[in-house]
Amino acid sequence: MMKKILKYTLFVFGFAFLFASCDKTQTIYQSDIPEEGVYIFGSSIFTDSVNLNGVMDAGSVLDNDGVIVKRDSMFQKFMFIKSAGDFSVGQQIGNELVTYGLSGSWTEDDVNVWSGDVVENGTNFTAPDDGFYMFIIDLNLSKAFLFKVSDWYLVSERFANSDPVMTLVSAGDTGAVWRADDQMMTEGKGDLKFRFYSEDTYSLTDSIQFVTTLAGAYNKLTFGGLALKVEFPADVSCFFQLSYNVQSGFSFKDNMPIIDPRGHVYSMIGDAFFIDNDPTGNPTAWNIDFDLVFDPASDTLNNVYEFKIDGLYFRENREFKIRLDHIWDNGEMGYSGVDVITGDPSNIISAGGQYGNFKTIAEKKYDVTLIFDAKNRIRTFDVTSVQ
C-alpha cells in the first residue's frame with residue numbers, strides 16, 4: 001500500500017513539474033536588439049535609450065518638379081531639448097547600432113537655425129538653451145540641422161492680420177502646445193496651413209528644400225500635406241491651438257462656429273469610374289461627377305451628416321477626388337483631405353504627387369458614404385464592398 005501511495009505521489013509531483021516547466025518555456029522576453037531604423041536618444045531629451053518611442057520620422061522635401069516627397073536619407077524629430085545633457089542618433093542595422101554625432105560644433109545659419117557636419121561616433125548633439133526644437137539629420141549629406149520652434153505661423157488669406165502666429169504656451173518632454181487668441185477673419189472659404197519657419201521651405205542645400213508646413217486634415221496633420229479647406233466665419237473672434245505629442249504627433253483645434261455641410265453638393269470625379277456606372281461601358285476621364293446624396297437618417301442633433309451613393313463601380317489602378325459644388329478650387333478633398341477611411345481601406349491608397357488624389361488598387365463595387373462629424377471636424381470616407 002505504501003508503495004502505491006509513494007508511486008502516486010511521485011506521479012502527481014512529476015505532472016506538476018511538467019506543467020511548471022511548460023509555463024516557464026512560454027515566457028516571452030523582450031529582444032535586446034531593437035528593430036532596424038534610425039533612433040534618437042540621450043539625457044537631454046524625452047528618451048535616454050534606443051526604443052520605439054525614439055524612432056525618427058522621414059523628412060519631406062521638394063523634388064525637381066516641385067512635388068513634396070519623402071527623402072530616404074533624411075530623418076526628423078520634434079522634441080523638447082534641455083541645455084543640460086546631450087543626445088545622439090543611432091541607426092540600427094541588424095544587430096549593430098551605428099551612432100552619429102557632430103564633427104566640430106553647431107554653426108548659426110539664421111535666427112534660431114543651426115547646422116553642423118555629422119560623422120560616425122561624433123560629439124553628442126546639444127541645444128543652446130532649453131526649448132522646443134525640430135532636429136533633422138541627413139545621412140547622405142552628413143549634415144544635421146536644428147530649428148528652435150517658439151512660434152507657428154497661421155497661414156491663410158482669410159486672416160485680418162497677415163501671418164498671425166501661435167506662440168508657445170507650454171512645453172516638456174512629452175510635447176508642447178502653441179496658441180493664438182482673439183483672431184479675426186474675413187468670411188468665406190479659404191486654405192489654412194501652419195509653418196514653423198518664415199517660409200514654406202528651408203534650403204538645406206542649393207538643391208534640397210526642406211518642407212516647413214503642416215496641413216492635410218484637422219485630425220491627420222502631416223508635413224507637406226495639402227492645405228486644410230476651411231469655411232471661415234465673419235465678425236467672430238476665435239482661438240487656434242496646435243498641440244504636439246512625441247508619440248501621437250500633431251493635433252489642432254479652434255472654436256470657429258460649426259458649419260453645416262449641407263450647404264454644398266459633394267461628388268466624386270476622376271478616371272476611376274464608368275460612364276452611367278455601367279462596368280461594360282466606357283470609363284470616365286475626369287469629366288463626370290457622381291453625387292453623394294444627403295441621408296436624412298443622419299444624426300444631425302450631434303452634428304453628424306452622411307452623404308451616400310450606393311453600388312458604384314470603381315476601376316482598378318485609377319484615381320479620383322471628392323469636390324464641392326461641381327467646381328474645382330472650391331475645397332476638394334483628396335486622400336489626405338479625409339481623416340479616416342473605413343470599410344475596405346486597403347484598396348484605397350494615396351496617389352501622392354502634386355494633387356494627392358485617392359487611388360484604387362483592385363476593381364470593386366462599393367456603397368460609398370462621406371461622413372462629416374462637424375463638431376469634431378472628422379471626415380470619414382467609407383467604402384463598403386457590394387457582392
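Peer 1: Explain the sheet that holds strand S25 (residues 340-343) to me, please; I cannot follow it from the model alone.
Peer 2: Consider a sheet: its strands pair through backbone hydrogen bonds, and that pairing is either parallel or antiparallel. Read from one edge of the open sheet, nine strands run S25-S29-S28-S23-S22-S21-S24-S27-S26, paired in mixed fashion. Of all strands in the sheet, those with a lone pairing partner are S25 and strand S26 (348-350), marking the two edges. Mean inter-strand twist for the sheet, computed between neighbouring axes without regard to direction, equals 30°. Across three bridges, strand S21 (residues 266-270) lies against strand S22 (residues 290-294) in antiparallel orientation. Opposite Ser 267, over in S22, you have Asp 291 as the bridge partner.

Peer 1: Looking at this structure, how should I read the layout of surface pockets?
Peer 2: Rolling a probe over the atoms, with the probe sized like a water molecule, indicates the empty space that remains. By volume, the largest pocket is sized at about 1,000 Å³. Looking at the lining of the largest pocket, the elements that each hand over two or more residues are strand S2 (57-62), strand S3 (68-81), strand S16 (213-215), strand S17 (222-223), strand S19 (238-245) and strand S20 (249-254). If you tally residues by element for the lining of the largest pocket, the top one is S3, at six residues. Considering only residue class, the lining of the largest pocket consists of 20 nonpolar, 20 polar and six charged.

Peer 1: Whenever I open this one, the packing of aromatic side chains confuses me. Can you help?
Peer 2: For any two aromatic rings, the description comes down to two numbers: the centre-to-centre distance and the angle of the planes. Scanning the model with the defined rule gives 44 aromatic pairs in all. Measuring from ring centre to ring centre gives 4.6 Å for Phe 194 and Phe 252, while their planes differ by 45°; the resulting arrangement is tilted. You can see Phe 194 sitting in strand S13 (residues 188-195) and its partner Phe 252 sitting in strand S20, a full 58 residues away along the chain. For the ring pair Tyr 266 and Phe 372, a centre distance of 4.9 Å and an interplane angle of 45° mean the geometry is tilted. Here the residue Tyr 266 occupies a position in strand S21, and Phe 372 occupies one in strand S28 (residues 364-373), the gap between them amounting to 106 residues. Here Tyr 266 and Phe 372 have matching classes, each one buried. These aromatic residues form a ring-pair network of at least three members: Phe 78, Phe 132, Phe 147, Trp 152, Trp 178, Phe 196, Tyr 197, Tyr 202, Phe 210, Phe 223, Tyr 244 and Phe 250. Across from the ring centre of Tyr 153, 5.5 Å away, lies the NZ or CZ of Arg 195, which sits over that ring.

Peer 1: Looking at this structure, how should I read the pattern of salt bridges?
Peer 2: If charged atoms from side chains of opposite charge come close, those side chains can pair. Here the structure, examined in full by the defined rule, presents 15 salt bridges. The shortest N-O distance in the salt bridge between Arg 323 and Asp 289 comes to 2.8 Å. Of this pair, Arg 323 sits in strand S24 (residues 319-324) while Asp 289 is found in the loop between S21 and S22, placing the two residues 34 residues apart along the sequence. Of the residues examined, Asp 289 reaches a relative accessible area of 22% and is grouped as partly exposed. If you follow the salt bridges from partner to partner, you end up with Lys 193, Arg 195 and Asp 200 in one network.

Peer 1: Looking at this structure, I do not really get the confidence of the model for the protein. What am I missing?
Peer 2: The predicted coordinates of low-pLDDT regions are not to be read in fine detail. Across the protein, pLDDT averages 89, with 91% of residues at or above 70. Segment residues 1-31 is flagged for pLDDT under 50; beyond a separation of four residues in sequence, or across chains, it makes zero contacts in the model.

Peer 1: Just checking my understanding: could you explain the nonpolar core for this structure?
Peer 2: Across soluble globular proteins, nonpolar side chains show a tendency to be buried alongside one another. Grouped together as the largest cluster of nonpolar side chains are 66 residues, with contacts concentrated most on Phe 135 and Trp 152. Ranked by size, the runner-up nonpolar core spans 26 residues in total, among them Ile 309, Leu 312, Phe 320 and Tyr 366.

Peer 1: Explain the side chain of Asp 138 to me, please; I cannot follow it from the model alone.
Peer 2: In this fold, Asp 138 is placed in strand S8 (residues 131-138). For Asp 138, a relative accessible area of 0% translates into the label buried. There is a polar contact of 2.9 Å between the side chain of Asp 138 and the backbone nitrogen of Leu 141. Each residue touching Asp 138, except ones within four places of it in the same chain, is listed here: Arg 71, Ser 73, Met 74 and Lys 143.

Peer 1: Please clarify how the pairing of S13 should be interpreted in this entry.
Peer 2: In the case of a regular strand, side chains alternate between the two sheet surfaces. The pairing of strand S10 (residues 151-155) with S13 spans three bridges and is antiparallel. Residue pairing for S13: Val 155 is matched across the bridge by Lys 193. Relative to strand S18 (residues 228-232), S13 runs antiparallel, the two sharing five bridges. Residue pairing across strands places Gly 190 opposite Val 230, the latter belonging to S18. Judged from the two bridges that link them, S13 and S16 form a sheet pairing that is antiparallel. From the neighbouring strand, Phe 194 faces S16, where its bridge partner is Leu 214.

So, how was this worked out
- Residues numbered from 1 in each chain as written.
- Predicted model: local features only at pLDDT ≥ 70, side-chain atom pairs only at ≥ 80, totals over all residues.
- Heavy atoms only, no water.
- Pairing = 2+ DSSP bridges.
- Helix = DSSP H or I, 4+ residues; strand = E, 2+ residues; numbered from the N terminus.
- Axes fitted to C-alpha atoms, helices over the stretch in contact; angles between N-to-C directions.
- 1 Å grid on protein atoms, 1.4 Å probe; cavity = no way out; pocket = protein on both sides within 12 Å on 5 of 7 lines; lining within 4 Å.
- Points joined across faces, edges and corners; volume = space filled by probe spheres on them.
- Nonpolar A, V, L, I, M, F, W, Y, C, P; charged D, E, K, R; others polar.
- Phe/Tyr/Trp six-rings, centres within 6.5 Å; stacked < 30°, edge-to-face > 60°.
- Buried < 20%, exposed > 50% of the residue type's maximum accessible area, 1.4 Å probe, protein only.
- Lys NZ or Arg CZ within 6 Å of the ring centre and 35° of its normal.
- Salt bridge = Lys/Arg side-chain N within 4 Å of Asp/Glu carboxyl O.
- pLDDT = per-residue confidence, 0-100.
- Contact = heavy atoms within 4.5 Å.
- Core = buried A, V, L, I, M, F, W, Y, C linked by side-chain atoms within 4.5 Å.
- Polar contact = N/O pair within 3.5 Å; in protein donor to acceptor, adjacent residues only side chain to side chain.

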